[in-house]
Amino acid sequence: MHGHIRRHRRDFVLAAVVVSTVIFEVFAGAAPVFAQNGGAPSDAAIKAAVIKEIAGINYGGPRPSVTVSGGVIMLSGTVSSLWLKEETINRALKVPGRTELQSDITINKAESDEKLAAEVVKRITSYDRFTVYDDFQGRVKNGVVFMSGAVTEETKLTDIVERVAKIKGVQAIENKVTVLPTNRSDDALRVAIANAIYRNPEFENYSMANPPIHVIVNNGYVTLTGIVRSEVEKIKAHESAASVFGSIKIDDRVRLAKEVK
């Protein structure tokens, strides 16, 4: 998602991606851990342990309720974000002695998919490690964020997914983002192509904090993504990329601003 994208639509365009978050509402547990006296922990003890585990989470409102019956932990309530829901479940899963975990936690809905998409763009483009060598594309439907693209490091993807999961109203994240392989020749190629493109005077007035064109290199295959203002800029970018030795193929996906609605 680039800062130059001014529309607040349910679709968003970037230069990077989203991680697939799989949510299980029923969690079959590991074998029960027995108390020191040889018996299984009581329901009251399991409940107390769960409450202690989630006590440090800042919900900004009521905490989810916890009940335990026959070793089955049941979580219910409403939270503001996907991250809060998952963090609650993950912490409860740490408690020994449970036989199962059931979650009925819901997430407050966003005002609209358009506003949610705008916030997703903001969270990604404000990430300080999001560069010209990463690409995110996506859309939002009924609060579910669908992401695709490519990033140069696994940690970037992890960080961005967490940033998106913490947005109020995000119900789930579907991830189709690729983590590019570590490759010295690819590193050299992406830098050379980016330098060749941005040496052009046509791109002097763009902010490099949110560059208009992103350069994705995967084992010698180059993909150009982004949005530019004119056909001349699009042509210049492609010609500059093609002038750099070492690419196997160039896939030009750069679009004109007037084509993006």
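About the thresholds
Residues numbered from 1 in each chain as written. Predicted model: local features only at pLDDT ≥ 70, side-chain atom pairs only at ≥ 80, totals over all residues. Heavy atoms only, no water. Phe/Tyr/Trp six-rings, centres within 6.5 Å; stacked < 30°, edge-to-face > 60°. Buried < 20%, exposed > 50% of the residue type's maximum accessible area, 1.4 Å probe, protein only. Helix = DSSP H or I, 4+ residues; strand = E, 2+ residues; numbered from the N terminus. Expected span 1.5 Å × (residues − 1). Arc of directions from axis to C-beta. Contact = heavy atoms within 4.5 Å. Core = buried A, V, L, I, M, F, W, Y, C linked by side-chain atoms within 4.5 Å. 1 Å grid on protein atoms, 1.4 Å probe; cavity = no way out; pocket = protein on both sides within 12 Å on 5 of 7 lines; lining within 4 Å. Points joined across faces, edges and corners; volume = space filled by probe spheres on them. Pairing = 2+ DSSP bridges. Right-handed = clockwise from strand over helix to strand, strands pointing away. Axes fitted to C-alpha atoms, helices over the stretch in contact; angles between N-to-C directions. Parallel < 35°, antiparallel > 145°, perpendicular 65-115°, else oblique. Left-handed = near helix turned anticlockwise from the far one by under 90°. Nonpolar A, V, L, I, M, F, W, Y, C, P; charged D, E, K, R; others polar.

*Asks:* Explain the packing of aromatic side chains to me, using residue names and the numbers behind them.
*Replies:* Here the structure, examined in full by the defined rule, presents 3 aromatic pairs. With centroids separated by 5.9 Å and ring planes inclined at 50°, the aromatic side chains of Phe130 and Phe136 adopt a geometry described as tilted. Like Phe130, the residue Phe136 is buried in the burial classification. Here Tyr198 and Phe203 contribute two aromatic rings whose centre-to-centre distance is 5.6 Å and whose plane-to-plane angle is 70°, an arrangement assigned as edge-to-face.

*Asks:* Can you tell me about helix 1 (residues 43-54), naming the residues and giving the values?
*Replies:* The end-to-end C-alpha separation of helix 1 is 17 Å, in line with the 16 Å expected for 12 residues at 1.5 Å each. What helix 1 keeps buried is the set Ile46, Val50 and Ile54. Considered in projection along helix 1, the buried side chains sweep an arc of 60° and stay on one side of the axis. Helix 1 presents Ala44 and Lys52 as exposed residues on the side facing more than 90 degrees away from its buried surface. Close packing links the buried residues of helix 1 with strand 3 (65-69), strand 4 (72-79) and helix 2 (82-92).

*Asks:* Tell me about the environment of Ile227, residues and numbers included.
*Replies:* Along the chain, Ile227 falls in strand 10 (residues 221-228). In this structure the C-alpha to C-alpha distance between Ile227 and Glu259, which are 32 residues apart in sequence, comes to 9.2 Å.

*Asks:* Can you explain the nonpolar core? Please cite residues and give values.
*Replies:* Core analysis: the biggest nonpolar cluster contains 38 residues, and Leu75, Phe136, Met147 and Val164 have the highest contact counts within it. Sorting elements by how many residues they give to this core places helix 4 (residues 154-165) first, with 5 residues. Among the nonpolar cores identified, the runner-up in size contains 21 residues, and Val132, Ile193, Tyr206 and Ile213 belong to it.

*Asks:* For the layout of surface pockets, give the residues involved together with the corresponding values.
*Replies:* Approximately 290 Å³ is the volume found for the largest pocket. Among the secondary structure elements, those contributing two or more residues to the lining of the largest pocket are strand 6 (135-141), strand 7 (144-151), strand 8 (172-179), strand 9 (213-218) and strand 10. Counting residues per element, the lining of the largest pocket draws most heavily on strand 10, which supplies 4 residues.

*Asks:* A description of the environment of Asn183 should follow, citing residues and the corresponding values.
*Replies:* Looking at the secondary structure, you find Asn183 in the loop between strand 8 and helix 5 (184-198). In this structure, the C-alpha to C-alpha distance between Asn183 and Val217, residues 34 residues apart in sequence, is 9.6 Å.

*Asks:* An account of the pairing of strand 10 is requested, with residue identities and associated values reported.
*Replies:* Counting buried residues in strand 10 gives 7 out of 8 residues, a clear majority hidden from the surface. Alignment of strand 9 against strand 10, held across 6 bridges, turns out to be antiparallel. Note that in strand 10 the partner of Val215 across the bridge is Leu224. In this antiparallel pair of consecutive strands, strand 9 and strand 10, the connection spans 2 residues, and Asn219 shows a positive phi of 55°. In terms of strand pairing, strand 10 meets strand 11 (residues 249-252) through 4 bridges, oriented parallel. Each residue of the ladder has a partner; that of Thr223, found in strand 11, is Asp251. On the question of chirality, the crossover connecting strand 10 to the parallel strand 11 by way of helix 6 (residues 231-242) is right-handed. Examined bridge by bridge, strand 10 and strand 12 (residues 255-256) share 2 bridges and lie parallel to one another.

*Asks:* Report on the packing of helix 5 against helix 6, specifying residues and quantitative values.
*Replies:* Helix 6 packs onto helix 5 with a crossing angle of 140° between their chain directions and a minimal axis gap of 8 Å. Classified by the angle their axes make, helix 5 and helix 6 are oblique. When the axes of helix 5 and helix 6 are compared, the crossing they make is right-handed. Residues Ile193, Ala196 and Ile197 of helix 5 form the contact with helix 6, whose own contacting residues are Ala237, Ser240 and Ala241. Its residues assigned to classes, the contact of helix 5 with helix 6 shows 5 nonpolar, 1 polar and no charged.

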